[in-house]
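A closer look at the structure
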Amino acid sequence: MSTDAKNQTALMEKIVSLCKRRGFIFQSSEIYGGCGGIWDYGPLGAELKRNLRTAWWNTMTREREDVLGLDACILMNPSIWKASGHVDTFADLMRECSLTNKRVRADHVEPQSGTVLKYTGAQAPNGWRWDRPITALLKNGEHIESFRKRVRSLIAQNAGEAAGKPEEIELLNEEKIDAVNGSVDFHPETGGMLGEARPFNLMLKTYLGPTATEADVTYLRPETAQAIFAQFKNVFDSSRVKVPFGIGQIGKAFRNEVTPKNFTFRSREFEQMELEFFIKPDEAVEIISGGVAKWHEGADLSEPQPNWGWEMWHRYWVSERTKFYEGIGLGGVLEYYWQTPEDLAHYARACVDILCEFPFGTEELEGIAARGDFDLSQHQKHSTKSQEIFDEELKNAAAKLSDEQKEALIQKRLAAEKAKTKGEPMPEAEVRAWFERLFKGSYVPHVIEPSAGLDRMALAVIAKAFEEFEKVDDKGKKETITVLRFHPRVAPIKVGVFPLLKNKPELVAKAREVYAMLKKHLNCFYDETASIGRRYARQDEVGTPFGVTIDFETCGEKGPELQDTVTLRHRDSGEQERVKISDLLGKLLPLCS
């Protein structure tokens, strides 16, 4: 392992340790040995997630006039997942370890080098036997006895109590097969040889009904988006909105990940924050506006325009989502991956992954896709319920077109269909039928989809905020200091309130009064134990951006001009200022919102 990789691993271990120690994130069901790929959020983690949810919801819905909210159920009619393609195609290629039967995603196997060893089987003094070949990798630098001990231990785990003690298992007929370099044919954890790659559906099955038969099978939703599509017409018809508009949702989703990894980054139960933003087809925009705005470097994305087509809307949402991340403290750690035509699904016109630097590498934080009308059209086809909307403005604009202008639009679309490199081109008869409905003002909206993971976002915020440094005290003793530099907007605790001394009733009483005033508006923490420096350090470690200290000046002992003022400490700068208690809330609220 390289020095950089070791440092990254050590950093991640420190973050995981801090998360448990200070009540951010716990392993689910830990007292029973845990539950793989499932995590619980402790008191501070719950507050952090709540703040991130609120920031997303306010930014995406409350502060906009063109986005509405939805809260759909986790369980839905399984026909939804058939229509969306999840039943047939929502799968990863996985490979199985021949030694332990552990599965790993085929694209997650790290290249390894070493010597391949083979055994004809194994046996134990109690009469137990393993009558199948064992092939495993002795990694470069690994001692042969350590390798044998590892293999015996893995066999014992797989066999259970029947095999007896691992150290008593005898490996039969050891044979060195070959030296390999950069091989992806061995399990990254166990070293056992991997089987052939085969599809593994990621949806978690359950039963909806009393008989628990195949007729009752349904699924825990693997994403929140499909509920938005399924309820599109209900929202549209009940809300008096016009396209373009969006529907946003925050909710739990479930994927039976083969290899959940990197702490909460890839989990089996997680929370999504998704927006489906519905727009007119470019042809409708062209009919109404006389043309479709083209994207170019430096294009003004500050305010949506009537002549925007899918490309401008897609770029707009990339810009908006970038601003959001900068507003929660993730500026400077973002990168972008614009998917190539080969990467894209056959129905997608574009997709950009917003990437973030984590201790374990640069990974996807959010995807923003231009999905065309694929999703609504699929549900229209499978449910036989129309997902078209009527646009009076479009109908009136189309009525003014000449037959030649209409035919030019049709020919333009036919040429585009012919040039397709993915998916089947739409036959001419279907294209003409589609335009016939379009000219009458009816169409299925297209969609831009920004899709973010709340758990990944929380982990990114924690990782970005984490800082560790050494401090030397007055006696020359070195101490390692940990600080979480959360943006005040998302910090779990906004303000720590401290009486300078706990044995001075007048200080404690005033501190309690200030705490009671602030906690109605901001999440605060009251602490009166240990030195004031130690209390500051405790709050720094959990990311509290502000500290309020009630001291003797507050009580007027150093003159009336300082009476009823407090010391306001800023975590990141270390700056301390005197603030009147009556002005305190007005100063803190804008800093935390």
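Before going into details, it helps to say that this report is about the structure given with it.

What counts as what
- Residues numbered from 1 in each chain as written.
- Predicted model: local features only at pLDDT ≥ 70, side-chain atom pairs only at ≥ 80, totals over all residues.
- Heavy atoms only, no water.
- Axes fitted to C-alpha atoms, helices over the stretch in contact; angles between N-to-C directions.
- Helix = DSSP H or I, 4+ residues; strand = E, 2+ residues; numbered from the N terminus.
- Parallel < 35°, antiparallel > 145°, perpendicular 65-115°, else oblique.
- Left-handed = near helix turned anticlockwise from the far one by under 90°.
- Contact = heavy atoms within 4.5 Å.
- Nonpolar A, V, L, I, M, F, W, Y, C, P; charged D, E, K, R; others polar.
- Pairing = 2+ DSSP bridges.
- Polar contact = N/O pair within 3.5 Å; in protein donor to acceptor, adjacent residues only side chain to side chain.

Following both chains from N to C, one finds helix 2 (residues 43-62) and helix 14 (residues 454-465) inclined at 110°, their axes separated by 10 Å at the closest point. As the angle between them shows, helix 2 and helix 14 are arranged roughly perpendicular. Handedness of the helix 2/helix 14 crossing: right-handed. For the pair helix 2 and helix 14, the contacting residues are L48, K49, L52 and R53 in the first and L454, D455, M457, A458, V461 and I462 in the second. Residues that form the contact of helix 2 with helix 14 fall into these classes: seven nonpolar, no polar and three charged.

Pairing is antiparallel across the open sheet formed by three strands, whose spatial order is 5-4-12. Each end of this open sheet is capped by a strand with a single partner; those strands are strand 5 (103-105) and strand 12 (198-201). Neighbour to neighbour, the strand axes of the sheet diverge by 55° on average, direction disregarded. Here strand 4 (residues 91-96) runs beside strand 5; their pairing, made up of three bridges, is antiparallel. Within strand 5, the residue paired with E96 across the bridge is R103.

Take the environment of S113 next. Assignment of secondary structure puts S113 in strand 6 (residues 112-119). C-alpha separation for the pair S113 and G141, spaced 28 residues apart in sequence, amounts to 9.8 Å. Those residues in contact with S113, other than ones at most four positions away along the chain, are L137, L138, K139, N140, V180, N181 and G182. Within the structure, the side chain of S113 is placed 2.7 Å from the side chain of N181, a separation counted as a polar contact. Looking at S113, its side chain comes within polar contact range of the main-chain nitrogen of G182, at 3.0 Å.

If you trace the seven strands from one edge of the open sheet to the other, you get 3-15-16-22-19-18-17, paired in mixed fashion. Single-partner strands in this sheet number two, and they are strand 3 (67-69) and strand 17 (334-338). For this sheet, the mean angle separating the axes of adjacent strands, direction not counted, is 25°. Sheet topology places strand 19 (residues 361-372) next to strand 22 (residues 446-453); six bridges connect them, and they run antiparallel. For A370, the partnering residue across the bridge sits in strand 22 and is I448. Relative to the sheet, helix 7 (residues 232-239) contacts strand 3, strand 15 (245-254) and strand 16 (269-279), its axis offset from that of strand 15 by approximately 140°. Helix 9 (residues 310-326) contacts strand 16, strand 17, strand 18 (350-358), strand 19 and strand 22 of the sheet and is inclined by roughly 150° relative to strand 19.

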